[in-house]
Amino acid sequence: MALAVDLANRKPATVEELVRRCTEAGLVITQPVRAEDLVRTIAMLRDWERIVDTVEERARADLVNRRLAAVAAYPRLSDHAGDGWHLHYRDDDASFITMLKAVIFVGTALHLAGRGMHRLGRCGLTGCDAVYADTSRGGTQRYCSPRCANRDAVRRHRARARPAPDASVRGG
């Protein structure tokens, strides 16, 4: 989920940046990554954001399930990188974009099923449309970052502290 959130909030501008960020997130990339993969990644992220923006659980699940059906394969154990056995939900010979879609959509499904269908959203700060995946203990995250949460708290505090306009005073 962290990779999907990161890529959605800061879309990669180059193939090199896409590869670097995916690698830094722990993906082992054995396939060639081409310019069209960057274009397809941006389109896939915009499509993934439809899941983020869908709040009704059944509709959200339907969106995820349709994407899983298109890219995910039966789960299998793999030690392809020699770093330990783990589950793969994609064919071994999948293209880069198919691999990335499988990682993101399977990750989304696991996050929503394991943590709660409501634990994916947009930042609650007016003017910030960043995505977050709620990993908080109580499932109450509403902001993309502590910075946005603090900014909104300051805004609310200032709004409460402002004196109410005096109706008896008229400008003139």
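Rules used in this analysis
The residue numbers shown here count from 1 along each chain, following its written sequence. For this predicted model, a pLDDT threshold of at least 70 governs which residues receive local features, and a threshold of 80 or more governs which side-chain atom pairs are given and counted, while totals over whole chains, interfaces and linings are taken from all residues. Processing note: side-chain calculations cover all non-hydrogen atoms of the structure and skip hydrogens and water entirely. Each helix is a run of DSSP H or I of at least 4 residues and each strand a run of E of at least 2, with the numbering of both proceeding from the N terminus. Atoms considered for the radius of gyration are the C-alpha atoms alone. The globule rule reads 2.2 Å times the number of residues to the power 0.38. The contact definition used throughout considers only heavy atoms, calling two residues in contact when any of these lie within 4.5 Å. By convention, a stacked pair of Phe, Tyr or Trp rings (six-membered ring in the case of Trp) has centres within 6.5 Å and planes under 30 degrees apart, an edge-to-face pair has planes over 60 apart, and any other such pair is tilted. Whether a charge sits over a ring depends on NZ of Lys or CZ of Arg being within 6 Å of the ring centre and within 35 degrees of the ring normal. The term salt bridge refers to a side-chain nitrogen of Lys or Arg lying within 4 Å of a carboxyl oxygen of Asp or Glu. To define axes, lines are fitted to C-alpha atoms, for helices over the stretch in contact only, and angles between the resulting N-to-C directions are given on a 0 to 180 degree scale. Helix crossings get a hand from a simple test, with the near helix turned counterclockwise from the far one by less than a right angle marking a left-handed crossing and a clockwise turn marking a right-handed one. Amino acids outside the nonpolar list (Ala, Val, Leu, Ile, Met, Phe, Trp, Tyr, Cys, Pro) and the charged list (Asp, Glu, Lys, Arg) are all regarded as polar, and Gly is one of them. Expected helix span is computed as 1.5 Å times (number of residues minus one). Accessible area is worked out with a 1.4 Å probe on protein chains only. A residue is then buried under 20% of its type maximum, exposed over 50%, and partly exposed in between. Here, the arc refers to the directions that run from the helix axis to the C-beta atoms. Any N or O atom pair separated by 3.5 Å or less is treated as a polar contact, with the protein-specific requirement of one donor-capable and one acceptor-capable atom, and with residues adjacent in sequence counted only for side-chain atom pairs. Note on charges: Lys and Arg go in the positive column, Asp and Glu in the negative column, and His and the chain ends are not counted at all. Nine residue types can take part in a nonpolar core, namely buried Ala, Val, Leu, Ile, Met, Phe, Trp, Tyr and Cys, and a core is a set of them joined through side-chain atoms within 4.5 Å.

Novice: I'd like to hear about the overall build of the protein, residue by residue, with values.
Specialist: On a plain count of helices and strands, the protein comes out with 6 helices and 4 strands. Starting at the N terminus and walking to the C terminus, you meet the elements of the protein as α-α-α-α-β-β-α-β-β-α. Computed over the C-alpha atoms, the radius of gyration of the protein is 21 Å, more than 25% above the 16 Å expected from 2.2 N^0.38 for a compact globule of 172 residues. Here the analysis covers contacts within the protein between residues at least 6 apart in sequence; of these, 46% occur between residues at least 24 apart.

Novice: Go over the packing of aromatic side chains, please, and point to the residues and values.
Specialist: Applying the stated criterion across every chain yields a total of 0 aromatic pairs. Of note, Arg76 hangs over the ring of Tyr74, and the distance from its end group to the ring centre comes to 4.1 Å.

Novice: Hey, could you go over the pattern of salt bridges for me, with residue numbers and the actual values?
Specialist: Within the structure shown, the criterion is met by 13 salt bridges. With its nearest N and O atoms 2.8 Å apart, the salt bridge here joins Asp152 to Arg155. With a gap of 3 residues between them, Asp152 and Arg155 both fall in helix H6 (residues 146-161), about one helical turn apart. Each of the salt bridges in this network shares a partner with another, and the network as a whole consists of Asp6, Arg10, Glu17 and Arg21.

Novice: I'd like to hear about the packing of helix H4 (residues 57-71) against helix H5 (residues 96-115), residue by residue, with values.
Specialist: Orientation of H4 relative to H5, taken along the N-to-C sense of each, is 145°, at an axis distance of 9 Å. Here H4 runs over H5; the crossing is left-handed. Residue-level contacts link Arg60, Val64, Arg67, Leu68 and Val71 of H4 to Thr98, Lys101, Ala102, Phe105, Val106, Thr108, Ala109 and Leu112 of H5. Looking at side-chain class alone, the contact of H4 with H5 contains 8 nonpolar, 2 polar and 3 charged residues.

Novice: I'd like to hear about H4, residue by residue, with values.
Specialist: Compared with the 21 Å implied by 1.5 Å per residue over 15 residues, the 21 Å span of H4 between its first and last C-alpha is a close match. Of the positions making up H4, those classed as buried are Arg60, Leu63, Val64, Arg67, Leu68 and Val71. In a view along the axis of H4, the buried residues occupy a sector of 130°, so they form one face of it. Exposed and oriented more than 90 degrees from the buried face of H4 are Arg58, Arg66, Ala69 and Ala70. In this structure, the buried residues of H4 make contact with helix H3 (35-53), H5 and strand E3 (120-122). Regarding H4, its N-cap is Glu56, as a side-chain oxygen of that residue lies 3.2 Å from the backbone nitrogen of Arg58 further along.

Novice: Describe the side chain of Arg90, with residues and values.
Specialist: Position of Arg90 among the secondary structure elements: in the loop between strand E2 (86-88) and H5. Asp92 is the oppositely charged side chain nearest to the buried, salt-bridge-free Arg90, at an N-O distance of 6.5 Å. Those residues in contact with Arg90, other than ones at most four positions away along the chain, are Ala73, Arg76, His80, Met99, Ala102 and Val103.

Novice: Now, about the environment of Thr140: what can you tell me, with residues and values included?
Specialist: Inspection of the secondary structure puts Thr140 in the loop between strand E4 (131-133) and H6. For the pair Thr140 and Leu120, spaced 20 residues apart in the sequence, the C-alpha separation amounts to 11 Å.

Novice: Which residues make up the nonpolar core, and what values go with them?
Specialist: If you look at the biggest cluster of nonpolar residues, it comprises 32 residues, and the most contacted ones within it are Leu18, Cys22, Trp48, Leu100, Ile104, Phe105 and Leu120. Elements supplying a minimum of two residues to this core: helix H1 (2-9), helix H2 (15-24), H3, H4, H5 and E4. A total of 8 residues in this core trace back to one element, the largest contributor, which is H5. Once residues within four sequence positions are removed from consideration, Phe105 is found in contact with Met44, Asp47, Trp48, Ile51, Val64, Arg67, Leu68 and Val71.

This is a description of form; function is not addressed.
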